[in-house]
Amino acid sequence: MGSPKLQVLLLPHPLILLPTARLTLPISRSLADAILSLLDDSDAVVAAIPLPAPDSPSEVTYGTAARVARLVRPRNQSSPTQPYLLSLHGITRIRFPSPIQIDKLDNLPVHNVLYPSSEGTPSRDTVEAFKHAALALLDRLAKDSLQPQRKDDWLRIAAIVEDISEQRAAWMADVLVAAVSSQYPDKLAFLAATDVEDRLRRATELFVKQSSIQEVSKKIASAVDESFSRQQKEYFLRQQLAAIQRELQSLQSSPTSVGPGFGTGGATSELDDDDQADADDLADLRRKIEALDVGSEERKVGIREWRRLKRIPQGSVENGVIRSYLEWLTSVPWPSNSTTTPLDILKDHSFLTRARAQLDADHYGLDQIKRRLMEYLAVVRLRALADAAQTQTQGDNPSTDASPGAAPTPPTKSKGVKGPILLFVGPPGTGKTSLGQSIAKALGRPFQRISLGGVRDEAEIRGHRRTYVASSPGSIVQALRKAGRNDPVILLDEVDKVGHSNFHGDPAAALLEVLDPEQNHSFNDHYINVPIDLSQVLFICTSNTLDTISAPLLDRCEVVELSGYTYDEKMHIAKRFLLPKQICANGLSDSQLTLTDDALLHVATMYTREAGVRSLERAIGAVVRFKAVEWAEWLDKENGAMGEEWNAKQNENRSEKQDGNTNVNGSGKEWRAIVEAHELEKILGIPRWDGEERDREEKRGVVYGLVVTGMGEGGILPVESTALPGTGRLKLTGSLGDVIKESGEIALSWVKTHAFELGITAGRGVDPLKVPDVIDVHLHLPAGAQKKDGPSAGIAMICAFVSLLSGACVPKDIAMTGEITLRGRVTPVGGIRMKVLGAHRAQIRKVILPWANRKDVEHDVALEVRREMQFFFVRTIDEALDAAFGHGALGWRKETVLLESRL
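Note that the structure is a prediction, hence the values are computed from the model and not measured.

Trainee: Looking at this structure, I do not really get the pairing of strand β3 (residues 45-50). What am I missing?
Mentor: Counting buried positions along β3 yields 5 of 6 residues, so the element is predominantly enclosed. One ladder, built from 5 bridges, connects strand β1 (residues 5-11) with β3; its direction is parallel. Across the sheet, residue Leu 11 finds its bridge partner in β3, namely Pro 50.

Laid out in structure tokens, this is it:
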């Protein structure tokens, strides 16, 4: 028996007819005639299939068997524009054995159809999920309905859904999906679901999605309505708020009150924004204003603003502005509400000893800085003791000249010792910032740090004026508020990187008043607008260079240079601070890891050649992490099959099992706690500076000069020269500045002048660049991407020219610095400490310096560095050449003096 056949009616996009649903659509006259003939023959049942979207495939597989319920003719049958209206009632789903091709909409082709089985009972969980989603959607639709009749209809359907049986759940799903306005792809997928279980799941997903859409649409509509009526409601809400506040105040003032926590289950939160907390804040604000010194400027301003605050309504914007100002005004540590270092601490005989011990415990070396701080602490102690003695004397011997009715004279307040303005200048990683924290600990004062790097606005220092929206005090006042005292230690970090003058103002100029001891006793913040005393504050500035700091600002600071650490200092710092810190940070103990002195020295010399210790700390951290991984793997293999209790016991007795800092686990693998120098290449890789040491060699025309980089680090720089055919000119390369170019020209002129004495030419007045061959001299300073300038390369350039033209070589362990004159004098240069330390890090053993810099070496360079290096202090170029090439290496021609004989 063949499958049944039905005439196919195409529904125009996006119409879909689902079973149990009713659909009315306009049709053409030709299609209406075909349907009329169908009505005459038998029961009119057609296969209504949806027409796919234009961009989708035109083949259709599923549809709905529908009965023709009604066909309405147009009133004017002669008018071709008025269509027929066809009403269809969905009966059941159908499926085509093979996809049919869509051709036209105005005919009824006949195709074989299949009726999928609709039997089967869905699972209880699927039915319950379907009911829950359907009831949620119907409840949302009922709430959003504006017409009462429509709302009642949704509620009646919800009652039916609640009582629906499991066998009728699929039928109810068809009814609800057809009634809900959902998207076309969702309905099309639901039509294709022939299985009862699948159909209910799809209906549940569709209802959940539609509920979310309805909820979001309602929120958007409510928000739009609120935005239209917000201004109209504001006055009414404020009146209600005032009435509620009056009622609450009357309840609080009533003698009979309800038990604690009434209405909240006895639980209260400090975040509750009630009027009592607001009243307490205002009362506290008033007490702070009354505690200010009588007659002081801050008290007068506070009283005036308080009176303004009480006159302005609480809900206004100006009320919040004034209240914020009063909170800032009363939080500043004024002399009346600020605490200082107790006198008992200053009277203690061990005060200076404990302060020195604190500085020594936090930092190694830095004797110059520690000496300056101890001077300041000694002055503070002596000044406090003198003021205490004077006050006691005035109390024991009151004045007898005062009249009986005169008021007693109040004791004179001590202004204390003005804090110094220290400026720490040095390369990165030398401990400038951490030194400020150590100073605060030694003084027993609070510490605050203000980063000035990239600050471009003057208002960030002085504060914004109150006329601006969201104005606030500057960083100085904010630091004082956090400290809570008028004598904290404030660190102004990276003062050399502050922005220069622009349309926002000049932040560096704003710092002039802050850092001037003669002016900062009355610092004026634009927001507070009351003079603030900063004379008791200890300001510490940090900088990497002095070149970018303005001269007026630099004049107000006491410059203390931190040039860098020697290898001996780095060894002490690594053993005392860096290694224990990294061991603790990586979960080990001191007994589980040890770095030998040779290993630490190898890390400092071959992997981290720098002025500071940051790279050294990173390298030590890498070693510690490597050993931590080894220790964890060793423990896992040792305790892999044992319980946690045995593991804990083994960890307690670990020190007893160690034999020479070597452990052996159950698998026979050893773990060593000691790290030696030969193991570092496996951990840290190839040494970074090993190549440079091998490349440094004795070569004609090459010498090594001493330089200071832009970040304050010292180092060595090769000065290379070579001869090539030319016209007797000098060529300078290497991104050189005008000053260093002039030094090169002066050096070549001196060598030409003294070429005969140096043995370069055979006669006087002979140009060594033209006889015997005409050549050019090319002088180059490597690292061409770095700008180089300064008057300190004259000696190195002369030695390079003499080496090139004479053939003698300067030893590779000699470096030099110093400027020259045409007369042959060697003049002093700066940055001696940085240069000497850089040469020491580069393993230079002999250094040639100007005689005038001898005091800098003796005063600034550590004794252990001077013991490991040999210094040659020269006054003339002749002495510099003898020190560089060795005595007698150049074969000087002594001048022959001719005397005229007269008889």
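The rest of the description comes next.
Trainee: It is not clear to me how the sheet that holds strand β20 (residues 730-733) should be interpreted in this structure. Could you clarify?
Mentor: To summarise the sheet geometry, strands pair through backbone hydrogen bonds and adopt either a parallel or an antiparallel arrangement. Strand order in the open sheet made by the 7 strands is β20-β21-β19-β18-β22-β25-β26, with mixed pairing throughout. Sheet topology places β20 and β26 (870-874) at the edges, where each strand pairs with a single neighbour. Recorded for the sheet is a direction-independent mean angle of 30° between the axes of neighbouring strands. Note that β20 and strand β21 (residues 775-780) share 4 bridges and pair parallel.

Trainee: What am I meant to see in the sheet that holds strand β12 (residues 538-543) here?
Mentor: Strand order in this open sheet of 5 strands is β8-β9-β12-β7-β13, and the pairing throughout is parallel. Looking at the sheet topology across the chains shown, the edges are occupied by β8 (447-451) and β13 (558-561). Averaged over all neighbouring strand pairs, the angle between strand axes comes to 20°, with direction disregarded. Relative to β12, strand β7 (residues 421-425) runs parallel, the two sharing 5 bridges. Note that in β12 the partner of Leu 422 across the bridge is Ile 540. In this fold helix α13 (residues 432-443) packs onto β7, β8, β9 (489-493) and β12, with an angle of close to 165° to the strand it touches most, β12. Where helix α15 (residues 475-483) meets the sheet, it contacts β8, β9 and β12, and its direction lies at approximately 155° from that of β8.

Trainee: Whenever I open this one, the packing of aromatic side chains confuses me. Can you help?
Mentor: Given two aromatic rings, their pairing is described by the distance between the two centres and the angle made by the two planes. Summed over the entire model, instances satisfying the criterion amount to 3 aromatic pairs. Here Trp 631 and Trp 634 contribute two aromatic rings whose centre-to-centre distance is 5.3 Å and whose plane-to-plane angle is 15°, an arrangement assigned as stacked. A residue pair is termed a helical-turn pair when its members lie 3 or 4 positions apart in one helix, as Trp 631 and Trp 634 do in helix α20 (residues 614-638) at 3 residues. Owing to a relative accessible area of 6%, Trp 631 belongs among the buried residues under this scheme. It is Arg 466 that lies over the ring of Tyr 325; its NZ or CZ is 3.9 Å from the centre.

Trainee: Honestly, the packing of helix α2 (residues 124-144) against helix α4 (residues 169-179) in this entry has me stumped. Any pointers?
Mentor: When two helices pack together, their arrangement is captured by the angle between the axes and the distance separating the axes. Contact geometry for α2 and α4: axes closest at 11 Å, N-to-C directions at 30°. It follows that α2 is roughly parallel to α4 by the angle criterion. Along this stretch, α2 crosses α4, giving a crossing that reads as left-handed. Facing α2, whose interface residues are Val 127, Phe 130, Ala 134 and Leu 138, α4 presents Ala 169, Met 172, Ala 173 and Leu 176. Taken together, the residues of the contact of α2 with α4 sort by class into 8 nonpolar, no polar and no charged.

Trainee: How do you make sense of unusual backbone geometry when you look at a structure like this?
Mentor: Where the residue is not glycine, phi is negative for most of them; where a peptide bond is considered, it is trans in most cases. Even without glycine at this site, Glu 494 takes up a positive phi of about 55°. Mapped onto the secondary structure, Glu 494 falls in the loop between β9 and α16 (507-514). One non-glycine residue, Asn 529, lies in positive phi territory at about 60°. Residue Asn 529 is classed as exposed on the basis of its relative accessible area, which comes to 52%.

Trainee: I keep staring at the UniProt feature "binding site: ATP" (unreviewed entry) in the protein and nothing clicks. Help me out?
Mentor: Following the UniProt record, one finds the feature "binding site: ATP" (unreviewed entry) at Gly 426, Pro 427, Pro 428, Gly 429, Thr 430, Gly 431, Lys 432 and Thr 433. Relative to the elements of secondary structure, Thr 430 occurs in the loop between β7 and α13. Apart from the residues within four sequence positions on either side, Thr 430 is in contact with Leu 562, Gly 564, Tyr 565, Ala 611 and Gly 612. There is a polar contact of 2.9 Å between the side chain of Thr 430 and the backbone oxygen of Pro 427. Note on placement: Gly 431 falls in the loop between β7 and α13. Residue Gly 431 is classed as buried on the basis of its relative accessible area of 18%. Other than its neighbours up to four places away in sequence, Gly 431 contacts His 363 and Tyr 565.

What counts, and where the lines are drawn
- Residues numbered from 1 in each chain as written.
- Predicted model: local features only at pLDDT ≥ 70, side-chain atom pairs only at ≥ 80, totals over all residues.
- Heavy atoms only, no water.
- Buried < 20%, exposed > 50% of the residue type's maximum accessible area, 1.4 Å probe, protein only.
- Helix = DSSP H or I, 4+ residues; strand = E, 2+ residues; numbered from the N terminus.
- Pairing = 2+ DSSP bridges.
- Axes fitted to C-alpha atoms, helices over the stretch in contact; angles between N-to-C directions.
- Contact = heavy atoms within 4.5 Å.
- Phe/Tyr/Trp six-rings, centres within 6.5 Å; stacked < 30°, edge-to-face > 60°.
- Lys NZ or Arg CZ within 6 Å of the ring centre and 35° of its normal.
- Parallel < 35°, antiparallel > 145°, perpendicular 65-115°, else oblique.
- Left-handed = near helix turned anticlockwise from the far one by under 90°.
- Nonpolar A, V, L, I, M, F, W, Y, C, P; charged D, E, K, R; others polar.
- UniProt positions renumbered as here; feature names shortened; annotations may be inferred.
- Polar contact = N/O pair within 3.5 Å; in protein donor to acceptor, adjacent residues only side chain to side chain.

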